Amino acid sequence: MSYHLNHLKELESESIFVLREVAAQFERPVLMFSGGKDSILMVHLARKAFYPARIPFPLLHVDTGHNFPETIEYRDKLVEEIGAKLIVGSVQDAIDEGKIAEEKGYNASRNYLQTSVLLETLEEGKYDAALGGARRDEEKARAKERFFSHRDEFGQWDPKNQRPELWNLFNGKKNYGEHFRVFPISNWTELDVWMYLAAEGVELPSLYFAHERPVFERDGILLADCDYIQKRPEEEGAIEERMVRCRTIGDMTCTGVWESQAATIEDIIKEVSIARKTERGGRADDKRSETAMEDRKKQGYF
């Protein structure tokens, strides 16, 4: 199938322009990398933006310790392949050192604990810009973000006090201790991402393609069975093998999987094009409250 559409080239050009602006305006940028399709797209665009040189900034992964094993395997393989420097901020280390307390109970997740680890890692590395693969179509809080999103000295975001970005003029000026989050693929949609990855022939983690996995249902979401999740008594006996895939990749405790037969990227594109639910519709962490994502972002979450 051919996906050489003009609008994909326009999105690519816009994103590469933003990436180069970051390299020009900031002294110590870092690229956030989760192993998901959007961060994989970001790495691919960065390689294009600075070719034939290597990506001029390191990759940063905030590791919850509860990742899908396939994610870590893919991350390490990619880093070695492109010769990038990888920085890992460990939630497990922060727990062991008593800096943060692990949640307890059936709905416990380490997703919320990423925020303090991210902020500490950025501060330790004196990083003044953190590039991320968030898109405006993902979630209503992310739809409020600018390309260059200012964070104060505490790493917090004020959605009511953002800088204008007329004619793609980006203001990266900041005070000491402040930093920016930058979102080069803000205007991409989920379908755009998949069509572009298909056109570019980018290798992806196996999690995105249909495979058999033991799962159980909780609050209308299918969760992959793993040792990280404390299951309720009725859930213990309800585990079954199903054909599923991931639409987003995150902490196993809150990342829902979707029943699917999509075994190729072309199948995924067809599936996404008619999907009625958003990709984050299977993220349990977004359902804790109506403003769950915005509340986390205000505190420093990506």
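It should be emphasised that the depicted structure is a prediction, and the values quoted were computed from it without experimental measurement.

Peer 1: Can you tell me about the sheet that holds strand β7 (residues 211–218), naming the residues and giving the values?
Peer 2: A barrel is described by the order of its strands in space; here 4 strands give the closed sequence β7-β8-β10-β9, paired in antiparallel fashion. For this sheet, the mean angle separating the axes of adjacent strands, direction not counted, is 70 degrees.

Peer 1: So what's going on with the packing of helix α1 (residues 6–25) against helix α2 (residues 37–50)? Residues and values would help.
Peer 2: Between α1 and α2, whose axes approach to 9 Å, the crossing angle comes to 70 degrees. Here α2 runs roughly perpendicular to α1, going by the angle between their axes. Contacts between α1 and α2 involve Glu12, Ser15, Ile16, Leu19, Arg20 and Ala23 on the former and, on the latter, Leu45, Ala46, Lys48, Ala49 and Phe50. Residue classes in the contact of α1 with α2 are distributed as 7 nonpolar, 1 polar and 3 charged.

Peer 1: So what's going on with the pairing of strand β8 (residues 221–224)? Residues and values would help.
Peer 2: Taking every second residue as pointing to the same face, both faces of β8 are buried, with Ile221 and Leu223 on one and Leu222 and Ala224 on the other. Of the strand pairs in this sheet, β7 and β8 are connected by 4 bridges, and their pairing is antiparallel. The partner of Val215 across the bridge, within β8, is Ala224. Connecting β7 to the next strand, β8, in antiparallel fashion are 2 residues, including Asp219 with a positive phi near 50 degrees.

Peer 1: I'd like a description of the packing of aromatic side chains, backed by residues and values.
Peer 2: Scanning all chains against the criterion turns up 9 aromatic pairs. Summarising the aromatic geometry, the rings of Phe148 and Phe170 are spaced 4.9 Å apart at their centres and angled 15 degrees between planes, so their arrangement reads as stacked. In this pair, Phe148 sits in strand β5 (residues 148–151) while Phe170 sits in the loop between β5 and β6 (179–182), placing the two residues 22 residues apart along the sequence. Phe170 carries the same exposure label as Phe148, and that label is buried. Against the face of Phe147 rests Arg136, its NZ or CZ located 5.0 Å from the ring centre. A cation over a ring is seen here: Arg247 above Trp258, with NZ or CZ 4.7 Å from the ring centre.

Definitions and limits used
Residues numbered from 1 in each chain as written. Predicted model: local features only at pLDDT ≥ 70, side-chain atom pairs only at ≥ 80, totals over all residues. Heavy atoms only, no water. Pairing = 2+ DSSP bridges. Helix = DSSP H or I, 4+ residues; strand = E, 2+ residues; numbered from the N terminus. Axes fitted to C-alpha atoms, helices over the stretch in contact; angles between N-to-C directions. Parallel < 35°, antiparallel > 145°, perpendicular 65-115°, else oblique. Contact = heavy atoms within 4.5 Å. Nonpolar A, V, L, I, M, F, W, Y, C, P; charged D, E, K, R; others polar. Buried < 20%, exposed > 50% of the residue type's maximum accessible area, 1.4 Å probe, protein only. Phe/Tyr/Trp six-rings, centres within 6.5 Å; stacked < 30°, edge-to-face > 60°. Lys NZ or Arg CZ within 6 Å of the ring centre and 35° of its normal.

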